[in-house]
Amino acid sequence: MKITDARVVVSSPGRNYVTLVIETEDGITGVGDATLNGRELAVASYLSEHLCPLLIGRDARRIEDAWQYFYKGAYWRRGPVTMTAIAAIDVALWDIKGKAAGMPVYELLGGAAREGVMVYGHASGTTLEDLSADFQRHLDLGYKAIRAQAAVPGLDKTYGIAPVDGKLYEPASSNVPQEDTWETTAYLDFAPKMMAHVREQFGYGVHVLHDVHHRLTPIEAGRLGASLEQYRPFWIEDPTPAEDQSAFRLIRQHTTTPVAVGEVFNSIWDCQQLITERLIDYIRTSVSHAGGITHLRRIFSLADLYGVRSGSHGAGDLSPVSFAAALHVDMSIPNFGIQEHMGHRDPAGEVFKTSYTFTDGYMHPGDAPGIGVEFDEDAAARFPFDAKYLPVNRRLDGSVHDW
Ligand code: CS2
Ligand code: MG
């Protein structure tokens, strides 16, 4: 099954997405998501200039060989750009294999290990009252798990607060990086109050998650975890930057609050110590930034040996293509934990025709052959790329901090 064409489509239906389209001599087409928020054109160029020419003539059925060829053949291994590009190829080839077999990809991965995939939505508010209203809205939609984020009093901008017009939160919203202000003490004093408020309002029958977004030192993260234990969060996410995997030992020494890390990871090596030392409870690596379905399954298999469960990233800047692929992986693995489901801003649905469904807090990828997403290139052409940057965070003294 020779590959006859491989092309990159950069478009902006609601936000920027980079989509790889691979065609075979049999007329079967597969798609992969190559979006890297704020650095989209780097991956688009890596694919179109360096990898797509090498795809032509390859056998589309040889997914593992392609993965090894583009990983080891790069010489310069790992990194978000390389691994997002490889991920897009990998997902597109799995899409083709499913279509050729007439089966949804999860069937090729061993079939359904569950009836549905529990997802969590994003509730937020500039005040605790607004957070409660958004939290209730997600409960009314049927979510069993909801992330809670609220503006920190005294800080003019806080991560994760959706606009009041009901649009989905989109951090990459300006054509130069927005500069946010951060003060850890104000956050550490406020976070327990926010969690207490949510539990007082909604009880303990719903999973409540919280994203710290890389902003604490390890000992501050241990203090946060300890202060939240009585409110039983499902997890605290990215409590501290994870380049230093051994730093998580300090967090474990101070709290039993579950820890989730990994959305910025792009290979098994980024999380090997975190998993094998059981320093985390959920690994958040995504199908679009960690080398595709092939590599993500390796990471989750390693995690399974150590009692670590999956909790994949699923923000709006991962396109419907990678969200669909994520659901196929989620359906098939034994150590599934939870799947982030932020949704996608209109008019993404005009470009990505999806098969996945949401019912009472659970999602299913559908049984369309492949990953179940039809990509409308003509529609994509109506939404040209619109360069946007993620924010930069500064402490009150003006020094750059983790965003
Ligand atoms: C966030 C992401 O959803 C999350 O857990 O950490 O929305 C993250 O901020 C974006 O993906 C960055 O592009
Ligand atoms: Mg996050």
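If you look the protein up in an unreviewed UniProt entry, it shows as Mannonate dehydratase from Pseudarthrobacter enclensis.

K.L.:
Just give me the short version of the environment of E179, but keep the residues and values in it.
P.N.:
As for its placement among the helices and strands, E179 is situated in strand β6 (residues 179-182). If sequence neighbours within four positions are ignored, E179 has contacts with K157, V392 and R394. Among the polar contacts listed, one links the side chain of E179 to the side chain of R394, at a separation of 2.6 Å.

K.L.:
Lay out the site of ligand 1 with the relevant residues and their values.
P.N.:
Taken together, 15 residues lie near ligand 1, and N37, H213, E237, E263 and E340 sit nearest. Note that an oxygen atom of ligand 1 is positioned 3.5 Å from one of the side-chain N or O atoms of R147. Note that an oxygen atom of ligand 1 is positioned 2.4 Å from one of the side-chain N or O atoms of E340. In isolation ligand 1 exposes 340 Å². Once the protein is present, 95% of that is buried. Split into classes, the residues belonging to the shell around ligand 1 amount to four nonpolar, four polar and seven charged.

K.L.:
Describe the pattern of salt bridges, with residues and values.
P.N.:
Taken as a whole, this structure holds 25 salt bridges when the rule is applied. Between D65 and R58 there is a salt bridge, with its nearest N and O atoms 2.6 Å apart. Of the charged contacts, one joins D270 and R78 as a salt bridge, the two residues approaching to 2.9 Å between their closest N and O atoms. With D270 in the loop between β9 (259-261) and α9 (272-276) and R78 in the loop between α2 (63-72) and α3 (80-101), this pair connects stretches of sequence that are 192 residues apart.

K.L.:
An account of the pairing of strand β1 (residues 3-11) is requested, with residue identities and associated values reported.
P.N.:
Inspection of the sheet shows β1 paired to strand β2 (residues 17-24) by eight bridges, in the antiparallel sense. Opposite A6, over in β2, you have I22 as the bridge partner. A loop of five residues connects β1 with β2, the two strands running antiparallel in sequence, and G14 in this loop sits at a positive phi of about 95°.

K.L.:
Can you tell me about the packing of α3 against helix α10 (residues 292-305), naming the residues and giving the values?
P.N.:
The N-to-C vectors of α3 and α10 enclose an angle of 105°; their axes lie 6 Å apart at closest approach. Looking at the two axes, α3 sits roughly perpendicular to α10. Note on element contacts: α10 touches α3 through G292, I293, T294 and H295, opposite M83, A87, D90, V91 and W94. Tallied by class, the residues present in the contact of α3 with α10 amount to five nonpolar, three polar and one charged.

K.L.:
Account for the packing of aromatic side chains, naming residues and giving values.
P.N.:
A full pass over the atoms with the stated rule returns 15 aromatic pairs. Here the aromatic rings of Y69 and F70 are separated by 5.1 Å at their centres, their planes lie at 85°, and the arrangement is edge-to-face. The class for Y69 is partly exposed, based on a relative accessible area of 40%. Look at F352 and F375: their rings are 5.4 Å apart centre to centre, the planes differ by 35°, and that puts the pair in the tilted class.

K.L.:
Describe the sheet that holds strand β17 (residues 392-395), naming the residues involved and giving the relevant values.
P.N.:
Two strands in a sheet stick together by hydrogen bonds in their backbones, pointing the same way (parallel) or opposite ways (antiparallel). In space, the three strands of this open sheet follow the order β6-β17-β18, with mixed pairing throughout. Two strands lie at the open edges of the sheet, namely β6 and β18 (400-401), each paired on one side alone. Summarising the sheet, β17 and β18 pair through two bridges and their orientation is antiparallel. Residue pairing for β18: R394 is matched across the bridge by V400.

The rules we used
Residues numbered from 1 in each chain as written. Chains lettered and ligands numbered in written order. Predicted model: local features only at pLDDT ≥ 70, side-chain atom pairs only at ≥ 80, totals over all residues. Heavy atoms only, no water. Helix = DSSP H or I, 4+ residues; strand = E, 2+ residues; numbered from the N terminus. Contact = heavy atoms within 4.5 Å. Polar contact = N/O pair within 3.5 Å; in protein donor to acceptor, adjacent residues only side chain to side chain. Near = heavy atom within 4 Å. Areas by Shrake-Rupley, 256 points an atom, 1.4 Å probe, with all protein chains shown as cover. Nonpolar A, V, L, I, M, F, W, Y, C, P; charged D, E, K, R; others polar. Salt bridge = Lys/Arg side-chain N within 4 Å of Asp/Glu carboxyl O. Pairing = 2+ DSSP bridges. Axes fitted to C-alpha atoms, helices over the stretch in contact; angles between N-to-C directions. Parallel < 35°, antiparallel > 145°, perpendicular 65-115°, else oblique. Phe/Tyr/Trp six-rings, centres within 6.5 Å; stacked < 30°, edge-to-face > 60°. Buried < 20%, exposed > 50% of the residue type's maximum accessible area, 1.4 Å probe, protein only.

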